[in-house]
Amino acid sequence: MKAFYSDHFVLPLPAGHRFPMRKYRMIREQAARAVPSLEFAEAPAATDGVLALAHHPAYIGRVASGTLSAAEQKAIGFPWSPEMVERSRRSAGATIAACRSAMEQGCAVNLAGGTHHAQAERGEGFCIFNDAAIAARLMQAERRLQRVAIVDLDVHQGNGTAAILQNDDSIFTLSLHGQNNYPFDKACSDLDVGLPDGIEDEAYLAALQAALAQMTARFMPQLIIYLAGADPHQGDRLGRMQLSFAGLAARDEMVFALARQHKIPVAVTMAGGYGRNIEDTVTVHVQTITLASRFAAGWQHH
């Protein structure tokens, strides 16, 4: 299974910034130990033309040229830098590469990505370009497939993805998220499941099972882009949910079981994770990558 990384494009952030930039290098190092067969590849950079499948050209231009306003940078949560632009292009490129690889090998992972708050004409919530929306549209433009589902299990609603794809019935957006958590103005996904603060494994998994069943009844995807956020974990600073490591493994397994049943390739992105203990966040992500590699191994046998 291929794993696309971009963690060597590091954002210069002010001291004490709450975005866990070092998480990405840690994920790559620990995944290499957990899954010795992983094939690592550097993420390619997405061009302006590819980014424009989901974003307004004027916004792409402001990001690229460093002319974002102070308000725009504040909404994103990162100060502008050339590294920020490069990293954002690579993160989108990694999800595109993971989709192409998944179509051939059953599954592939982007060791970053899941930047689901980015809107067509602006960034927000640590997200500059919306990798899932871009990649889904590019797979269609390359005529690899017609129907894509974006299954977003980050603790925060995928509002940017929902807004960008609102009138696109060829891409199904499913978001299972904390109802009372950021973003406070929710967008409208094809299927939104808002969950209460403090939810635990059993209730979460029941809600997910019902959501996946509803999705496949309404829409049968030819590819799933899976945002496997680590932030529903009970140790997360921003998540407000109470899922255990085992609960999160069961969550991932539920997505892969659905994909296995219907023979749907899966491209996995890491999405959010803000553990009080960064090692916990990395553990959740590496667990997802390990389960993804088993799914890919099973795919090879058919």
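What counts, and at which threshold
- Numbering of residues starts from 1 in each chain and follows the order in which that chain's sequence is written.
- The predicted nature of this model means local features are confined to residues of pLDDT at least 70 and side-chain atom pairs, given and counted, to a pLDDT of 80 or more, with totals for whole chains, interfaces and linings taken over all residues.
- As a rule here, side-chain values come from all non-hydrogen atoms in the structure, and water together with hydrogens is ignored.
- Under the scheme used here, helices are H or I runs from DSSP no shorter than 4 residues and strands are E runs no shorter than 2 residues, and both carry numbers assigned from the N terminus.
- For the exposure calls, accessible area comes from a 1.4 Å probe over protein chains only, and a residue counts as buried if that area is under 20% of its type's maximum, exposed if over 50%, partly exposed in between.
- The charge count includes Lys and Arg as positive and Asp and Glu as negative, but it does not include His or the ends of the chains.
- Basic side-chain nitrogens of Lys or Arg form a salt bridge, by our definition, when they fall within 4 Å of a carboxyl oxygen of Asp or Glu.
- Nitrogen and oxygen atoms within 3.5 Å of one another constitute a polar contact, given that in protein one can donate a hydrogen and the other can accept it, and given that sequence-neighbouring residues count only through two side-chain atoms.
- Contacts are assigned to residue pairs that have any heavy atoms within 4.5 Å of one another.
- Pairing between strands requires that DSSP locate at least two bridges from one strand to the other.
- Each axis is a line fitted through C-alpha atoms, taken for helices only over the stretch in contact, and angles between the N-to-C directions span 0 to 180 degrees.
- Should an angle lie under 35 degrees it is considered roughly parallel, over 145 roughly antiparallel, and from 65 to 115 roughly perpendicular; all remaining angles are considered oblique.
- Left-handed describes a crossing in which the near helix is turned anticlockwise from the far one by less than a right angle; the clockwise case is right-handed.
- Nonpolar residues are Ala, Val, Leu, Ile, Met, Phe, Trp, Tyr, Cys and Pro. Charged residues are Asp, Glu, Lys and Arg, and all others, Gly as well, are polar.

**Remarks on the side chain of aspartate 131**
Relative to the helices and strands, aspartate 131 resides in helix 6 (residues 131-141). No salt bridge is formed by the buried aspartate 131; its nearest oppositely charged neighbour, arginine 87, is found at 10 Å. At 2.6 Å, the side chain of aspartate 131 and the side chain of threonine 95 are in polar contact. Polar side-chain contacts of aspartate 131 include one of 2.9 Å to the backbone nitrogen of glycine 114. The residues touching aspartate 131, leaving out its near neighbours within four places in the chain, are Ser91, Ala92, Thr95, Asn110, Gly113, Gly114, Thr115 and Thr269.

**Describing the sheet that holds strand 3 (residues 107-110)**
Pairing is parallel in the open sheet, where eight strands are placed in the order 2-1-3-8-7-4-5-6. This sheet does not close on itself; its edge strands, each paired only once, are strand 2 (39-42) and strand 6 (191-195). Put simply, the sheet's adjacent strands are angled 15° from each other on average, direction ignored. Bridging between strand 5 (residues 171-178) and strand 6 involves five bridges; their strand directions are parallel. In the strand pairing of strand 6, serine 175 is matched with aspartate 192. The strands touched by helix 9 (residues 245-262) within the sheet are strand 3, strand 7 (223-227) and strand 8 (266-269), with strand 7 carrying the most contacts at an inclination of about 175°.

**As for the environment of leucine 176**
Inspection of the secondary structure puts leucine 176 in strand 5. By relative accessible area, leucine 176 is classed as buried at 1%. Residues leucine 176 and alanine 213 lie 37 residues apart in sequence; the distance between their C-alpha atoms is 13 Å. In contact with leucine 176, other than residues within four places in its own chain, are Asp152, Leu153, Asp154, Val193, Leu195, Tyr204, Ala207, Leu208 and Ala211.

**Comments concerning the packing of helix 1 (residues 23-34) against helix 10 (residues 278-300)**
Following both chains from N to C, one finds helix 1 and helix 10 inclined at 45°, their axes separated by 9 Å at the closest point. Judged by the angle between their axes, helix 1 and helix 10 are oblique. Remark: the crossing between helix 1 and helix 10 carries right-handed chirality. Contact with helix 1, carried on its side by Lys23, Met26, Ile27, Gln30, Ala31 and Ala34, involves Ile278, Glu279, Thr281, Val282, His285, Val286, Ile289 and Thr290 of helix 10 and no other residues of that element. Broken down by class, the residue content of the contact of helix 1 with helix 10 amounts to eight nonpolar, four polar and two charged.

**Here we look at unusual backbone geometry**
Tyrosine 182 connects to proline 183 through a cis peptide bond whose omega is -5°. By the secondary structure assignment, proline 183 is in the loop between strand 5 and strand 6. In this structure, arginine 143 is a non-glycine residue whose phi angle is positive, near 60°. Checked against the element boundaries, arginine 143 lands in the loop between helix 6 and strand 4 (148-152). Judged by its relative accessible area of 77%, arginine 143 is exposed.

**Considerations on the packing of helix 5 (residues 82-105) against helix 6**
In contact at an axis separation of 9 Å, helix 5 and helix 6 are set at 45° when each is read in the N-to-C sense. With respect to helix 6, the axis of helix 5 lies oblique. Like other packed secondary-structure pairs, helix 5 and helix 6 cross with a definite hand, here right-handed. In this structure, helix 5 uses Ser91, Ala92, Thr95, Ile96, Cys99 and Arg100 to contact helix 6, whose residues at the interface are Asp131, Ala132, Ile134, Ala135, Leu138 and Met139. Residues that form the contact of helix 5 with helix 6 fall into these classes: eight nonpolar, two polar and two charged.

**Details of the environment of valine 268**
Inspection of the secondary structure puts valine 268 in strand 8. Distance from valine 268 to glycine 66, taken between C-alpha atoms, is 30 Å for residues 202 residues apart in sequence. For valine 268, the residues in contact, after removing those within four places along its chain, are Cys107, Ala108, Val109, Asn110, Tyr226, Ala228, Phe256, Thr288 and Ala292.

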